[in-house]
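What follows is each chain in one-letter form.
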Amino acid sequence: MKVVSAVKIGNMKDPDPARRGRVAVLDVPESPLGDEDVRIKVAYCAICGSDPHVVGGIFGWEPPFGLGHEASGVVVELGAKATKRGLKVGDRVAGNFRRYCGTCYYCRNGQEQFCENASEAPAMAEYMVWHESQIIRLPGNISLKNGCMLEPVSIGVRVTDKTNMRIGGRVAVSGGGPIGLITLQLLKMFGATSLTMIEPNPQRRALAEKFGADYLIDPSDQNVEEAGLRITDGFGYDLVLEVSGVPSAAESAVTLVANAGRLIFVAMYPNDYEMPLNIYRYCYKKEIEITGTFVAPYAFPRSARILGRMDLDDFTNTVYDIDDAEEAFRAHLSGNHPKVLIRCNKDLY
Ligand SMILES: [Zn+2]
Ligand SMILES: [Zn+2]
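The rules behind these values
Along each chain, numbering runs from 1 in the same order as the chain's sequence is written. All chains are assigned letters beginning at A, and all ligands numbers beginning at 1, according to the order in which they are written. For a predicted model such as this one, the threshold for reporting local features is a pLDDT of at least 70, and the threshold for listing and counting side-chain atom pairs is 80 or more; totals across whole chains, interfaces and linings nevertheless cover every residue. Start and end positions for the domains come from either an automated domain assignment or a database one. C-beta atoms are placed from the backbone for every residue, and two residues are taken to be in contact when these atoms lie within 7 Å. Axis angles are defined between N-to-C directions and span 0 to 180 degrees, where every axis is a line fitted to C-alpha atoms and, for a helix, only to the segment in contact. A helix here means a DSSP run of H or I that spans at least four residues, while a strand means a run of E at least two residues long, and both kinds are numbered starting from the N terminus. Each angle is binned into one of four classes, with values under 35 degrees roughly parallel, values over 145 roughly antiparallel, values of 65 to 115 roughly perpendicular, and all other values oblique. Crossing handedness is defined as follows: a turn of the near helix away from the far one that is anticlockwise and smaller than a right angle gives a left-handed crossing, while the clockwise case is right-handed. For this classification, the nonpolar set comprises Ala, Val, Leu, Ile, Met, Phe, Trp, Tyr, Cys and Pro, the charged set comprises Asp, Glu, Lys and Arg, and every other residue, Gly included, is treated as polar. Here, a strand pair is defined by DSSP locating no fewer than two bridges between the strands.

Visitor: How do you make sense of the domain arrangement of the protein when you look at a structure like this?
Guide: Accessible area lost upon the coming together of the parts is a frequently used measure of interface size. Annotation of the protein at the domain level lists domain 1 (2-153 + 296-343) and domain 2 (163-292). On the domain 2 side, the residues contacting the 13 residues of domain 1 number ten residues.

Visitor: Quick question: what am I supposed to make of the packing of helix α4 (residues 150-161) against helix α5 (residues 178-189) here?
Guide: Angle between the axes and distance between the axes: these two values describe a pair of packed helices. Direction vectors running N to C along α4 and α5 enclose 55 degrees, while the axes themselves pass 9 Å from each other. With respect to α5, the element α4 is oriented oblique. The hand of the α4/α5 crossing is right-handed. Of the residues in α5, those in contact with Pro152, Val153, Ile155, Gly156, Val157, Val159 and Thr160 of α4 are Pro178, Ile179, Ile182, Thr183, Leu186 and Leu187. When the residues that make up the contact of α4 with α5 are grouped by side-chain class, the tally is ten nonpolar, three polar and no charged.

Visitor: It is not clear to me how the environment of proline 52 should be interpreted in this structure. Could you clarify?
Guide: Relative to the elements of secondary structure, proline 52 occurs in helix α1 (residues 51-55). On a C-alpha basis, the gap between proline 52 and tyrosine 127 in space is 22 Å, while along the polypeptide they are 75 residues apart. Once you skip the residues sitting within four places of it in the chain, proline 52 turns out to touch Phe329 and Leu333.

Visitor: Where do I start with the pairing of strand β6 (residues 92-95) in this structure?
Guide: Here is the key point about a regular strand: its side chains alternate between the two faces of the sheet. Bridge count for strand β5 (residues 70-78) against β6 is three bridges, and the pairing is antiparallel. Looking across to β6, one finds that serine 72 is bridged to alanine 94. Here β6 runs beside strand β10 (residues 135-137); their pairing, made up of three bridges, is antiparallel. What sits directly across from alanine 94, in β10, is isoleucine 136.

Visitor: When you look at the sheet that holds strand β4 (residues 65-66) in this model, what are you seeing that I'm missing?
Guide: Strand pairing within a sheet occurs via backbone hydrogen bonds; the two strands may be parallel or antiparallel. Strand order in this open sheet of three strands is β2-β1-β4, and the pairing throughout is antiparallel. Every other strand in the sheet has two partners, leaving β2 (21-27) and β4 as the edge strands with one partner each. Sheet analysis places strand β1 (residues 2-8) next to β2, joined by seven bridges and oriented antiparallel. Bridge pairing in β2 places valine 7 opposite arginine 22. Against the sheet, helix α11 (residues 325-334) contacts β1 and β2, and its axis sits at roughly 150 degrees relative to β2.

Visitor: Would you explain the environment of isoleucine 322 in this entry?
Guide: With respect to the secondary-structure elements, isoleucine 322 resides in the loop between β17 (318-321) and α11. Discounting chain neighbours no more than four positions away, the residues touching isoleucine 322 are Lys2, Val4, Val25, Ile342, Arg343 and Cys344.

Take a look at the structure:
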């Protein structure tokens, strides 16, 4: 079967990630099906902002390896003991790409994101095998195309879990990629006010406005701190989300937080980047709280229920067939599309 994979082209220690690895479609044998496993024929798998970083070696994985974690598809085979969820062949599904053991300290401590035995199988492939615990049945009104957005939506849901939102709280989102725009939609539902998107790309700003942003800041020609303080009557935002992954944006995000407000880092930053932070000003005098998010523990069932209330069509318009995956990654990196999908099988809609 075909799997969109990261392959090595140069030294994995090369300072330029683009010279380390590239994307290729490899032909690999299908994975064996364990007793509690489910084989899924993949319909769509979206390209994540993290995928090019993974190809560039950010996790230190040795190529070649398969890519993808934002998938939807149809159940085609069930292991003999994959019976706890009542899944059937033909079910339309999506789910959590991470398989947790359920047995380690973290899994038993309500912190499955730190599972000591977590594993993942590539989803940008014609078929994938997941444990039945990973699977979410798609609601009937959600297409397979929009269904592959379940995973990005789960990240937004996880972000809302980490907020201290109260209705009417002022919120700023720095970065209008898919996660920023999805989270903006969710925070609108949470009753955010002065909802502000900080984003240099005009198409992304326009989407933020469509999804309910009250204010837009263009950091390429506005002073972000001044603009944010003007919008919030000088108080700053109760909640600031930094979703761009750009170090300079991380540094200006801190300046926007209100007294006792919260700053959440949602993006992936260069792994050697260290941010300067004036502890006296922000932690002592202002009592701000700073945290982050890693994947989406316990968020998938709720994410499936909220999918139908979200505006997802703009993210699922650009589709490439699996054979054109390299071109799809180029389209993703061009920044001209809100999101790019890979169609992994042509006969599923
Ligand atoms: Zn992702
Ligand atoms: Zn575990």
